[in-house]
Amino acid sequence: MPHYFATIILVVASGLWIARYLRNTVSPSFSAIPNAHFTAPYSRFWLRWIKLTGREHHARNAAHKRLGSVIRIAPQELSVNCIKDGVQTIYSSAFEKTIWYSGFKNYGQSFMFSMAANKPHSERKRMLAHVYSKTHIQNSMTLNSILDTMLLKRFIPQMREWAKEGCVVNVNLENKALFMDVITAYLFGLENGTNFIQNPEEKVLLRKFESFTYGLFWASEFPGLLVSINRLRESILGDLVRYYRVTERLGLTNLIHQLRIPVLADTARCYKSVETFVLDLCQRAKDRMSPSAMGHSSHLTVYSSFRERLEESQTVPSDLLDVTIAGELLDEIQAAHEPTGITLAFLMWELSRHPEACARLQRELDTLGTVRSAQAIDNLPFTDALLKETMRLYPAGLGPFPRCVPEKGAVVDGFDLAPGTIVSSSAYALHRHPGVFPEPENWTPSRWIDATAERKNEMAKWFWAFGSGSRMCIGSHLASRIIKAALVAIYSEYDTFTANSNKVQQIDSLIGTPVDNEIMLRVAKRAQT
Ligand code: HEM
């Protein structure tokens with residue numbers, strides 16, 4: 001009898017496997033699409049391997065160059081590297097986000113970045129979009145005064161010290177501290193935000209945010225894992241592993257680090273501290289909003305405006321309001337301080353390597369005189385070109401940003417795709433299309449100025465650093481405003497220099513930080529020209 005059952009189970013399992021194999025191999029949807037790797041029709045192994053070993057975007061770019069703009073990277077997954085009938089189709093509102101995003105939950109729930117369904121997402125986005133619109137950002141007196149405080153009273157005086165002491169500075173870390181202070185002040189009010197710039201010991205928290213990038217592969221490829229790890233770590237087993245330094249004794253520390261395994265590398269625990277940090281910021285802002293504090297300047301913050309709209313919408317039970325607000329604002333804090341810090345760091349590094357570009361920037365900044373309004377800064381063509389070119393070559397969010405083909409199916413670049421197919425694009429690969437960006441590996445800011453109107457139009461379509469469509473970055477105008485303001489404040493007074501001959505490289509991952517999270521520069525008072 002047991003034999004009988006075992007045989008049935010074996011036959012059914014084999015049948016299912018063969019059916020899946022045949023569907024994957026002969027699926028009419030995919031038969032004409034080239035495979036990025038010979039295993040792609042049968043397993044996710046290749047895709048996971050290139051992600052784990054930090055080669056995903058290089059490998060996708062190389063495969064697109066060989067095979068064309070639509071390629072198969074896993075049994076039900078395609079990579080798309082064209083704008084017309086490609087990115088424009090798959091990042092429309094008909095395509096929803098996939099389960100991959102559930103690795104980005106805060107407090108165990110999905111918020112704007114990780115929500116899959118478009119309807120609840122667009123309701124939430126409407127509650128926040130006004131404070132990030134271009135008009136609001138360009139005209140916000142609050143933001144002007146935040147930037148004055150952070151740049152002129154905190155950051156630049158610190159640069160003065162670095163220049164005096166001639167020390168070598170990790171600008172990646174310092175920029176993230178700057179933008180953490182800017183974004184928390186914007187969200188919660190100047191007096192409720194952080195002061196990481198002037199408090200070196202608080203920068204430890206930035207390392208905790210960074211550790212999320214470290215465990216990203218596991219968080220996004222095996223959603224739910226971080227939650228289980230946290231439970232494990234909080235159990236007696238976690239204490240025993242730590243107490244007896246089991247991994248060290250078994251000689252596994254290095255391997256664990258290489259494979260970015262978060263279980264024993266503290267990722268889960270770090271993320272808990274990050275969640276507590278944001279809850280504390282929210283609590284501080286809430287206390288200041290109490291009736292006794294009405295009329296206080298902090299009343300007019302993103303926090304208070306979002307809280308009001310969320311309460312009015314009655315979409316969240318009142319006992320979940322606090323955690324919902326914290327979860328949403330944690331998304332924004334994370335999405336804001338890291339990519340802006342990284343972008344400015346790469347920009348400063350390129351300016352340090354290209355003194356002629358730095359001099360051209362400084363000549364342009366001199367034309368501003370004392371008028372440093374958001375509009376005046378935004379109208380500086382070379383400053384704009386520097387930012388665009390840096391974001392093209394070093395997009396802080398490389399992708400993939402997967403989407404799911406809707407129930408009615410879709411046509412992408414001429415291919416009929418079945419519902420449920422996963423499709424995605426890579427900013428890294430799009431930004432390296434040689435037909436649009438000649439000599440794509442070169443950092444050439446002037447390409448954004450010298451090109452013909454027609455070419456500029458094409459380049460703008462392929463520029464994908466902020467994504468596109470209904471799930472495009474909500475903070476793109478804020479990002480440009482604060483990075484440009486920092487650039488003006490820094491380079492009006494200072495020059496920067498590379499500190500050593502080390503080659504700076506961007507890691508190949510969703511978040512394109514520099515290797516080791518470091519860009520080391522020296523700072524000096526600007527030479528008079
Ligand atoms: C250089 C700076 C930045 C870069 C390169 C960047 C990049 C991106 C990209 C590519 C996406 C789309 C992701 C997807 O399709 O899944 C995105 C989404 C998002 N970004 Fe940014 N971002 C930056 C700054 C900011 C800032 C300053 C904020 C502050 C609010 C922010 C908040 C968000 C949020 C909330 C989303 C999710 C939007 C949605 O799903 O509707 N980002 N960002």
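Residues numbered from 1 in each chain as written. Predicted model: local features only at pLDDT ≥ 70, side-chain atom pairs only at ≥ 80, totals over all residues. Heavy atoms only, no water.

- In the nomenclature of an unreviewed UniProt entry, the chain corresponds to Cytochrome P450 from the organism Venustampulla echinocandica.
- As recorded by UniProt, the Cofactor (unreviewed entry) comment attached to the chain reads in full: "heme". (UniProt positions renumbered as here; feature names shortened; annotations may be inferred.)

### Focus: the packing of aromatic side chains
Consideration 1: Overall, the coordinates contain 16 aromatic pairs when judged by the stated rule.
Consideration 2: Ring geometry for F155 against W162: centres 5.9 Å apart, planes inclined by 90°, an arrangement best described as edge-to-face.
Consideration 3: Through a chain of ring-to-ring contacts, the aromatic side chains of W100, Y101, F104 and F113 assemble into a single cluster.
Consideration 4: The cationic tip of R353 hangs over the ring face of W349; the distance from NZ or CZ to the ring centre is 4.3 Å.
Consideration 5: In this structure, R432 is placed above the aromatic ring of Y428, and the distance from its NZ or CZ to the ring centre is 3.7 Å. (Phe/Tyr/Trp six-rings, centres within 6.5 Å; stacked < 30°, edge-to-face > 60°. Lys NZ or Arg CZ within 6 Å of the ring centre and 35° of its normal.)

### Considering the pattern of salt bridges
Consideration 1: Under the definition given, this model contains 28 salt bridges.
Consideration 2: Note that R307 is salt-bridged to D322, the shortest N-O span being 3.0 Å. Placement of the pair is R307 in helix α16 (residues 302–313) and D322 in helix α17 (residues 321–353), with a sequence separation of 15 residues.
Consideration 3: On the accessibility criterion, D322 (29% relative accessible area) is partly exposed.
Consideration 4: Linked through salt bridges whose partners overlap, the residues forming this network are R44, R48, K51, E56, R60, E77 and E221. (Salt bridge = Lys/Arg side-chain N within 4 Å of Asp/Glu carboxyl O. Helix = DSSP H or I, 4+ residues; strand = E, 2+ residues; numbered from the N terminus. Buried < 20%, exposed > 50% of the residue type's maximum accessible area, 1.4 Å probe, protein only.)

### Notes on the site of the ligand
Consideration 1: Close to the ligand lie 25 residues; Y101, H121, K125, R403 and C473 are nearest.
Consideration 2: A distance of 3.1 Å separates an oxygen atom of the ligand from a polar atom in the side chain of K97.
Consideration 3: K125 is positioned with one of its side-chain polar atoms (N or O) 2.8 Å from an oxygen atom of the ligand.
Consideration 4: Among the secondary structure elements, those contributing two or more residues to the shell around the ligand are α5 (118–128) and α17. (Near = heavy atom within 4 Å. Polar contact = N/O pair within 3.5 Å; in protein donor to acceptor, adjacent residues only side chain to side chain.)

### Describing the nonpolar core
It is characteristic of soluble globular proteins that their nonpolar side chains tend to be buried jointly.
Consideration 1: Grouped together as the largest cluster of nonpolar side chains are 131 residues, with contacts concentrated most on M159, L178, Y186, F188, L351 and Y491.
Consideration 2: Looking at this core, the element that brings in the most residues is α17, giving 16 residues.
Consideration 3: Residues A36, W46, A63 and I73 belong to the second largest nonpolar core, which totals nine residues. (Core = buried A, V, L, I, M, F, W, Y, C linked by side-chain atoms within 4.5 Å.)

### Considerations on a nonpolar patch on the surface
Consideration 1: The grouping of Y4, F5, I8, V12 and L16 at the surface amounts to a nonpolar patch, some 520 Å² of accessible area in total.
Consideration 2: With respect to the helices and strands, the residue Y4 is situated in helix α1 (residues 2–26).
Consideration 3: For Y4, a relative accessible area of 52% corresponds to the exposed category. (Patch = residues over 30% accessible without salt bridge, like charges linked within 9 Å, V, L, I, M, F, W, Y side chains within 5 Å. Areas by Shrake-Rupley, 256 points an atom, 1.4 Å probe, with all protein chains shown as cover.)

### Focus on the side chain of R60
Consideration 1: Residue placement: R60 occurs in helix α3 (residues 56–67).
Consideration 2: Residue contacts for R60: discarding those within four places in its chain leaves I71, I73, S79, P400, S424, S425 and S426. (Contact = heavy atoms within 4.5 Å.)

### Side note on helix α24 (residues 476–493)
Consideration 1: Relative to the 26 Å expected for 18 residues at 1.5 Å per residue, α24 spans 26 Å between its end C-alpha atoms, a close match to the ideal helical length.
Consideration 2: α24 sits mainly inside the fold: 15 of its 18 residues count as buried. (Expected span 1.5 Å × (residues − 1).)

### Here we look at the UniProt feature "binding site: heme" (unreviewed entry) in the chain
Consideration 1: As recorded in UniProt, the sites labelled "binding site: heme" (unreviewed entry) are C473.
Consideration 2: When you line up the elements, C473 lands in the loop between α23 (453–462) and α24.

### A few points about the pairing of strand β10 (residues 520–525)
Consideration 1: Pairing analysis gives three bridges linking strand β4 (residues 168–170) to β10, with the strands arranged antiparallel. Directly across from V169, in β10, lies its bridge partner L521.
Consideration 2: By the bridge criterion, five bridges tie strand β9 (residues 494–498) to β10 in an arrangement that is antiparallel. Bridge assignment links T498 to a residue of β10, and that residue is L521. (Pairing = 2+ DSSP bridges.)

### Re the sheet that holds strand β2 (residues 77–80)
Consideration 1: One open sheet accounts for five strands, arranged β1-β2-β8-β5-β3; its pairing is mixed. Across the chains shown, the open sheet's two edge strands, defined by having one partner strand only, are β1 (70–74) and β3 (96–97).
Consideration 2: By the bridge criterion, two bridges tie β3 to strand β5 (residues 403–404) in an arrangement that is antiparallel. Looking across to β5, one finds that K97 is bridged to R403.
Consideration 3: Set on the sheet, α3 makes contact with β1, β2 and β8 (422–424); between it and β1 the angle comes to about 135°.
Consideration 4: On the sheet, helix α4 (residues 83–90) packs against β2, β5 and β8 and is oriented at approximately 125° with respect to β2. (Axes fitted to C-alpha atoms, helices over the stretch in contact; angles between N-to-C directions.)

### Some words on the environment of F95
Consideration 1: Within the secondary structure layout, F95 lies in the loop between α4 and β3.
Consideration 2: When the C-alpha atoms of F95 and P402 are compared, they prove to be 9.5 Å apart, with 307 residues separating the residues in sequence.

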